[in-house]
Structure formats: C-alpha cells, structure tokens
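Listed below are the residues making up each chain.
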Amino acid sequence: MTQEKKRGLIPVIECWEEIPCNPCKDACPFGAIRIEGEMTNLPIFEEALCKSCKKCVFICPGQAIYMLDEDYTESEGRILFPYEFRPLPEKDAMATGLNRQGQPVCPVKILEVDLKTSYKMTPLVTIAVPKEHLKEVRFIQLPGGEG
Ligand code: SF4
Ligand code: SF4
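Parameters at a glance
- Residues numbered from 1 in each chain as written.
- Chains lettered and ligands numbered in written order.
- Predicted model: local features only at pLDDT ≥ 70, side-chain atom pairs only at ≥ 80, totals over all residues.
- Heavy atoms only, no water.
- Near = heavy atom within 4 Å.
- 1 Å grid on protein atoms, 1.4 Å probe; cavity = no way out; pocket = protein on both sides within 12 Å on 5 of 7 lines; lining within 4 Å.
- Sits in = over half its atoms within 2 Å of the grid points.
- Phe/Tyr/Trp six-rings, centres within 6.5 Å; stacked < 30°, edge-to-face > 60°.
- Helix = DSSP H or I, 4+ residues; strand = E, 2+ residues; numbered from the N terminus.
- Buried < 20%, exposed > 50% of the residue type's maximum accessible area, 1.4 Å probe, protein only.
- Lys NZ or Arg CZ within 6 Å of the ring centre and 35° of its normal.
- Points joined across faces, edges and corners; volume = space filled by probe spheres on them.
- Nonpolar A, V, L, I, M, F, W, Y, C, P; charged D, E, K, R; others polar.

**Observations concerning the site of ligand 1**
- Neighbouring ligand 1 are 14 residues; Cys28, Cys50, Lys51, Cys53 and Cys56 lie closest to it.
- According to the grid-proximity analysis, the pocket containing ligand 1 is the largest cavity.

As structure tokens, then:
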C-alpha cells in the first residue's frame, strides 16, 4: 500500500490590498509566486512549484504571508509566522493562540524560534495548533506579555 507523502508547511498569502508591492514574487527562487499584469494586482501562489523555503514569509513587508501544515500530528497542525515582539517565545513553552482580530482562541505550543533565516531581526516562529482551531489561529500571546 502506498502512503501519501505529507506536504509540510506551505505558504498562505493573505494579501488583500491592491498596492504596488512585489517582493514576494521577486524573492521566490522557484517561481511559485507570480503577479500578473500591473504590480498592484494580487500575488498568485502555485503550490506545485513551492519548495517551502520560507523566503516569501520573511521578505513580505506587510507580514501578509504565513505557512500552514495541516497534518503535523493526528490532532495538530503547525503554523509559522514572523514574530517582531520581544522577548522572544521559548521553544516548548505554551502560549495563547490569537485569531486575526487578536482574540484568544486556544493554547498553542511553541515548536521552533528560527533566528537563522531571519530577515531584519524578525525571527520565524512555528507553533502547534489543535486541528479544530488551525484556520483561526494566526498569532500568539505569551503568558503575561505582549503578542
Ligand atoms: S516558501 Fe519559498 S518556494 Fe514557496 S512560495 Fe515562498 S519563496 Fe517560493
Ligand atoms: S510582498 Fe507581501 S504585501 Fe507585497 S504583494 Fe507580496 S504578499 Fe502582498
């Protein structure tokens, strides 16, 4: 029996404003993001070309791109996003997952704080999120702190 390979983290582009901007397209080494016609048109993502290199995530000046893995474990997915606040979260710590309106959704676990691929001192944080809340959670709040 063949087992389908897990896809892993793939970008989700939440870029809704038609502004003259295209660093995500230029940053992608594999042509997985294109902007057709005018520079103000919205970016188009082609998953089949994406190698999950994360460049588009940290290059976007509007933090409009995050990455989503729907099958991290049986019960959890992962999301990865740029994190500009200080102090930084700590690996394996718990935090509160926030939705796009900044409201608390559920507890989440910090899986990784990636400073290696950072751009302009903005690390990439990866968290585990219960699958039932995976499409809601977009950011985190640390215990007793900002986020
Ligand atoms: S993760 Fe890398 S390969 Fe995928 S769209 Fe972004 S820049 Fe391109
Ligand atoms: S870099 Fe970010 S804000 Fe600019 S077009 Fe790409 S996704 Fe939108």
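**A word on the packing of aromatic side chains**
- Inspection of every chain in the model, using the stated rule, returns 4 aromatic pairs.
- A centroid spacing of 5.6 Å and a plane angle of 15° characterise the contact between tyrosine 83 and phenylalanine 139, whose relative ring orientation is stacked. Within this pair, whereas tyrosine 83 is found in the loop between strand S5 (76-82) and strand S6 (94-98), its partner phenylalanine 139 is found in strand S9 (residues 139-141), the two being separated by 56 residues in sequence.
- For tyrosine 83, a relative accessible area of 0% puts it in the buried group.
- Note on phenylalanine 139: relative accessible area 17%, which makes it buried.
- For the cation-ring pair, lysine 51 lies above phenylalanine 30, with the distance from its terminal atom to the ring centre recorded as 6.0 Å.

**Description of empty space enclosed by the protein**
- Under the definition given, this model contains 2 cavities of 30 Å³ or more.
- Taken together, 14 residues form the lining of the largest cavity, with Pro11, Cys28, Cys50, Cys53 and Cys56 sitting closest to its centre.
- Looking at the lining of the largest cavity residue by residue, the classes come out as 11 nonpolar, 1 polar and 2 charged.
- In this model, the second largest cavity occupies a volume close to 50 Å³.
- What lines the second largest cavity is simply Cys15, Glu17, Ile19, Cys21, Cys24, Ile35, Thr40, Asn41, Leu42 and Pro43.
- Taken together, the residues that form the lining of the second largest cavity break down as 7 nonpolar, 2 polar and 1 charged.

Geometric values such as these leave the question of function open.
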